[in-house]
Amino acid sequence: MLNVQDTEIKEGKFNLLLDNFEGPIDLLLVLARSQKVDLSDISISELADQYINFINQYRNIHIEIAADYLVMAAWLTYLKSRLLLPKEEKTDEYTADELEEALKYQLQRLEAFQNISKIIYSRPLVNRDVFYGGSSEGLKVKYNINYTSNLYDLLKSYSQILKSSEQVKQLTIEYSELYSVDQAVKRLKGIFGNISEWTNFLNVIPNLIKANKTINKSIISSNFVASLELSKNGFIDLKQDESFGNIYIKFNQNG
Amino acid sequence: MKVLVIFILNLIKMDNKDIKILEAILFASGEPLDENDLKEKIKEKNNISNLLQEIKDFYKNRGINLIKTGNKWSFRTAEDLSDELTIFKTQKRKLSRAALETLSIIAYQQPITRSEIENIRGVQMGRGSLDHLMEIGWIRPSGRKSIPGKPTLWSTTDLFVEHFGLNSLSDLPSKEELKASGFLDKRAAIATISDLAKNDENFQSNDNFEQDDENNIDDFIQNT
Amino acid sequence: MKVLVIFILNLIKMDNKDIKILEAILFASGEPLDENDLKEKIKEKNNISNLLQEIKDFYKNRGINLIKTGNKWSFRTAEDLSDELTIFKTQKRKLSRAALETLSIIAYQQPITRSEIENIRGVQMGRGSLDHLMEIGWIRPSGRKSIPGKPTLWSTTDLFVEHFGLNSLSDLPSKEELKASGFLDKRAAIATISDLAKNDENFQSNDNFEQDDENNIDDFIQNT
């Protein structure tokens, strides 16, 4: 998988999902490998450019991007600017060289562990590559009962208890921002006097809230149900001239 | 003479992959296997009888012998050992869910009384639960609570700490750590009303989140 | 020449009863056995190491090998037969890359805290990594670090050593190289970037376990 990523990055294609990377350092490492030099000789400033480039391109395609990656981009920008500046007087802060060194160390260390994890996992693994066997047939066997419940079982069990007790505790029904039919009925009854003429349904309902489609849908549907209810009881008249046309509403004086 | 030596040396060196495969399969399966089934696993299928005979000879005087019963082959321990050899095997058993719950509550909240445990679990405890845990040696009575009735307080034992691979009781992960390690994950969370009412942007990013989780699980199952 | 033949024939004949007993027990147990427990079963107790080594050599090129992990011995199928024995494969779930990296970091750096692992990997740990590794039985909590928040330290288990066919933890591949390169240093946290980049809030909530733990107990007391 990594090889595929490598080539795609080299060709300047950025149609990769960040999901393929295990965090910003991992992404940096993949980018660094494309520089084809020993990690200790890597140009951090070039790497910073690559990374920032990558993130920018990525953002053009996918709007959402994990904060971790953005923080790293910001930090690299900062590091680059520090590297470009003339050597500063010694302050409490880390020098640009130290920061650069820290980044190199982190990259090399992660690479080392990534390699190691592959080596470890390629060792002969019980139940995958090698197997226990044998049979005790023919020997006298005495059995000891050994309870195999382990710490994992214990913690899982306790977590289950915590979860169920949490669920009970949190059984408070939160206030709903959705607009209920009851609310709509009450409100419509209150404004009957204003709708003595045929009025567009949409002008009767409360103002829709910008950028919240879910609440808006609830306002429209609850008011619609409410007006059906009120017309059934004879308080108002409803009309719609054609399918999907505007709905008009009028107070029924005789109701 | 020379021929015999070479023959014997070959036997010991044993370059024959088919023989190795047969040995390993017979060993790992743990039960008698049909000669025809064994044949499927090797290259020189027509040679199977000779190969099995060769293995049988090889183990003749060892602690393990290859035995043929009917048309099935199996390794078993040498017969002349059966009289004098008793081996102890451990029979593995898991604790019941109730016992495990009780144990985990005691572990985290000790010392604790029986009725406090029942309160947390929300059920009356069967008579044997505490006895059973005490029999295994994982809990012990540790004094009495100074409330009316003076009920027995229960605590875990050193054996408990040892069995569950802890250095000490304080090693038990806290609630926050359980959460961080994934134990408290609610896999199929039901969206609450307020979730639904949240604006669409949020809603979408929630969706993404769930998907990530699924990818993650897939990673575990898939052959990566 | 004659001497050699007799020597070889003796090897094959194998009159040593202790060896037969050891083979039979190891074969019948089906799981690793402690050298000290094996000793109990034989006559020449002081000779146990030699006997086991002899058996190990005898099976070196066979389909079954005698393997030592830690202080335990067991028969296993030979490593090079992995492809032929896939029929017995029970390790259904393969580990994700994240879990695998986490495991090797724990193996080499143990005992290590969650946030130290995150520091090396440069990313917050996904849910499921630690509890999944613990479910398999390869890692365990092993005490707490004496820094504010007392976070849990994680170590590998004996089962990890056994499953990966290691003699001991010091047997981990390339350990010396890693050490020489300084990658096994627990570098002061401030010297790596992820800490510089990490916002304080996150950092605190990660390590601030103790307080939550207390809340947790309070919750329960109120609950009961």
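In this text, all values refer to a predicted model and were calculated from it rather than measured experimentally. (Residues numbered from 1 in each chain as written. Chains lettered and ligands numbered in written order. Predicted model: local features only at pLDDT ≥ 70, side-chain atom pairs only at ≥ 80, totals over all residues. Heavy atoms only, no water.)

A. Fine view of the overall build of chain B. Check the secondary structure of chain B and you find 11 helices and 7 strands. The buried share of chain B, taken over its 224 residues, is 40%. Counting contacts in chain B only where the partners sit at least 6 residues apart, residues at least 24 apart contribute 41% of the total. Of the roughly 12600 Å² of accessible surface on chain B, 49% is carried by carbon and sulfur atoms. (Helix = DSSP H or I, 4+ residues; strand = E, 2+ residues; numbered from the N terminus. Buried < 20%, exposed > 50% of the residue type's maximum accessible area, 1.4 Å probe, protein only. Contact = heavy atoms within 4.5 Å. Areas by Shrake-Rupley, 256 points an atom, 1.4 Å probe, with all protein chains shown as cover.)

B. Geometry of the overall build of chain A. Looking only at helices and strands, one finds 9 helices and 4 strands in chain A. Counting from the amino terminus, chain A carries its helices and strands in the arrangement α-α-α-α-α-β-α-α-β-α-α-β-β. Among the 255 residues that make up chain A, the fraction classed as buried is 45%. Pairs at least 24 residues apart make up 54% of the contacts formed inside chain A by residues separated by at least 6 positions. Approximately 14200 Å² of chain A is accessible, and the part contributed by carbon and sulfur atoms is 51%.

C. Geometry of the sheet that holds strand β2 (residues 64-69) of chain C. Residue and element names in this part refer to chain C. Read from one edge to the other, the open sheet built from 3 strands follows the order β1-β3-β2, with strand pairing classed as antiparallel. The outermost strands of the open sheet, each flanked by one partner alone, are β1 (33-34) and β2. Sheet contacts for helix α2 (residues 17-29): β1, β2 and β3 (72-77); angle to β3, the most-contacted strand, approximately 70°. (Pairing = 2+ DSSP bridges. Axes fitted to C-alpha atoms, helices over the stretch in contact; angles between N-to-C directions.)

D. Up close: the sheet that holds strand β2 (residues 64-69) of chain B. Read from one edge to the other, the open sheet built from 3 strands follows the order β1-β3-β2 (chain B), with strand pairing classed as antiparallel. On the outer flanks of this sheet lie β1 (33-34) and β2 of chain B, each paired with one strand and no other.

E. Structural detail: the interface of chain C and chain A. Facing 63 residues of chain C, the contacting portion of chain A comprises 50 residues. Seen at the junction of chain C and chain A, the total is 2 salt bridges. Of the charged contacts, one joins A:Glu22 and C:Arg121 as a salt bridge, the two residues approaching to 2.8 Å between their closest N and O atoms. Viewed at the interface, chain A and chain C are joined by 14 residue pairs in polar contact (both at pLDDT 80 or more). Of all the secondary-structure elements, those providing two or more residues to the side of chain C that touches chain A are α2, β3, α5 (97-109), α6 (114-121), α7 (129-136), α8 (158-163), α10 (193-197) and α12 (209-223) of chain C. Here the element with the most residues in the side of chain C that touches chain A is α5(C); it accounts for 8 residues. Of the residues in the side of chain C that touches chain A, the class split is 31 nonpolar, 19 polar and 13 charged. (Salt bridge = Lys/Arg side-chain N within 4 Å of Asp/Glu carboxyl O. Polar contact = N/O pair within 3.5 Å; in protein donor to acceptor, adjacent residues only side chain to side chain. Nonpolar A, V, L, I, M, F, W, Y, C, P; charged D, E, K, R; others polar.)

F. The environment of B:Gly126, seen in detail. Tracing the backbone shows B:Gly126 in the loop between α6 (114-121) and α7 (128-136). As for B:Gly126 and B:Ala99, which are separated by 27 residues in sequence, their C-alpha atoms are 9.7 Å apart.

G. Focus on the packing of aromatic side chains. By the definition in use, this model includes 22 aromatic pairs over all chains. Where A:Phe21 meets A:Phe54, the ring centres are 6.1 Å apart and the plane angle is 90°; that geometry is what we call edge-to-face. Of this pair, A:Phe21 sits in the loop between α1 (2-10) and α2 (24-33) while A:Phe54 sits in helix α3 (residues 44-61), and the two are 33 residues apart along the sequence. Side by side, A:Phe21 and A:Phe54 carry an identical accessibility label, which is buried. Arranged with centres 6.3 Å apart and planes meeting at 75°, the rings of A:Phe113 and C:Tyr108 form a pair that is edge-to-face. Placement of the pair is A:Phe113 in helix α5 (residues 96-121) and C:Tyr108 in helix α5, with the two residues belonging to separate chains. (Phe/Tyr/Trp six-rings, centres within 6.5 Å; stacked < 30°, edge-to-face > 60°.)

H. Up close: the environment of B:Leu166. Along the chain, B:Leu166 falls in the loop between α8 (158-163) and α9 (175-180). With residues up to four places along the chain from it excluded, the contact list for B:Leu166 reads A:Leu151, B:Phe160, B:Val161, B:Asp171, B:Leu172 and C:Pro141.

I. Molecular detail of the nonpolar core. Of all hydrophobic cores here, the largest spans 67 residues; its most connected members are B:Leu95, B:Leu103, B:Trp138, B:Phe160, C:Tyr108, C:Phe160 and C:Phe164. Once residues lying within four places of it in the same chain are set aside, the contact partners of B:Leu103 are A:Leu154, B:Leu95, B:Leu133, B:Trp138, B:Ile139, B:Phe160 and B:Phe164. Judged by nonpolar contacts, the second largest core, of 51 residues, contains B:Ala24, B:Ile64, C:Ile42 and C:Tyr59. (Core = buried A, V, L, I, M, F, W, Y, C linked by side-chain atoms within 4.5 Å.)

J. The arrangement of the pairing of β2(B) in detail. All names here are of chain B. Alignment of β2 against strand β3 (residues 72-77), held across 6 bridges, turns out to be antiparallel. Residue pairing for β3: Lys68 is matched across the bridge by Trp73. Where β2 hands over to β3, the hairpin turn is made up of 2 residues, of which Gly70 adopts a positive phi near 65°.

K. Focus on unusual backbone geometry. Between B:Gln110 and B:Pro111 the backbone carries a cis peptide bond, its omega angle lying at -10°. Within the secondary structure, B:Pro111 is located in the loop between α5 (97-109) and β5 (112-113). Residue C:Lys150 is not a glycine yet carries a positive backbone phi of 40°. Note that C:Lys150 resides in the loop between β5 (139-144) and β6 (152-156). Overall, the relative accessible area of 39% leaves C:Lys150 in the partly exposed class.

L. Expanded view of a nonpolar patch on the surface. All names here are of chain A. Together, Val181, Phe224, Val225 and Leu228 line one region of the surface with nonpolar side chains, adding up to about 280 Å² of accessible area. Of the residues forming the nonpolar patch, the biggest block, 3 residues, is contributed by helix α9 (residues 213-232). On the accessibility criterion, Phe224 (33% relative accessible area) is partly exposed. (Patch = residues over 30% accessible without salt bridge, like charges linked within 9 Å, V, L, I, M, F, W, Y side chains within 5 Å.)

M. Region of the structure containing the pattern of salt bridges. Residue and element names in this part refer to chain B. Applying the stated criterion across every chain, the model contains 23 salt bridges over all chains. Between Lys68 and Glu35 there is a salt bridge whose closest N-O contact spans 3.7 Å. Of the two residues, Lys68 is situated in strand β2 and Glu35 in helix α3 (residues 35-40); the sequence distance between them amounts to 33 residues. Exposure remark for Lys68: the relative accessible area of 41% places this residue in the partly exposed category. Given a relative accessible area of 10%, Glu35 falls into the buried group. Of the charged contacts, one joins Arg121 and Glu101 as a salt bridge, the two residues approaching to 2.8 Å between their closest N and O atoms. Pair noted here: Arg121 is in helix α6 and Glu101 is in helix α5, with a separation of 20 residues, a long-range link.

N. Fine view of the packing of helix α4 (residues 67-84) of chain A against α5(A). Residue and element names in this part refer to chain A. The interhelical angle for the contact between α4 and α5, taken along N-to-C directions, is 135°, at an axis separation of 9 Å. Put simply, α4 runs oblique to α5. Every pair of crossing elements has a handedness; the one defined by α4 and α5 is left-handed. Contacts between α4 and α5 involve Trp75, Leu76, Tyr78, Leu79, Arg82 and Leu83 from the former and Ala96, Leu99, Glu100 and Leu103 from the latter. (Parallel < 35°, antiparallel > 145°, perpendicular 65-115°, else oblique. Left-handed = near helix turned anticlockwise from the far one by under 90°.)

Limitation: the analysis is restricted to geometry and does not speak to function.
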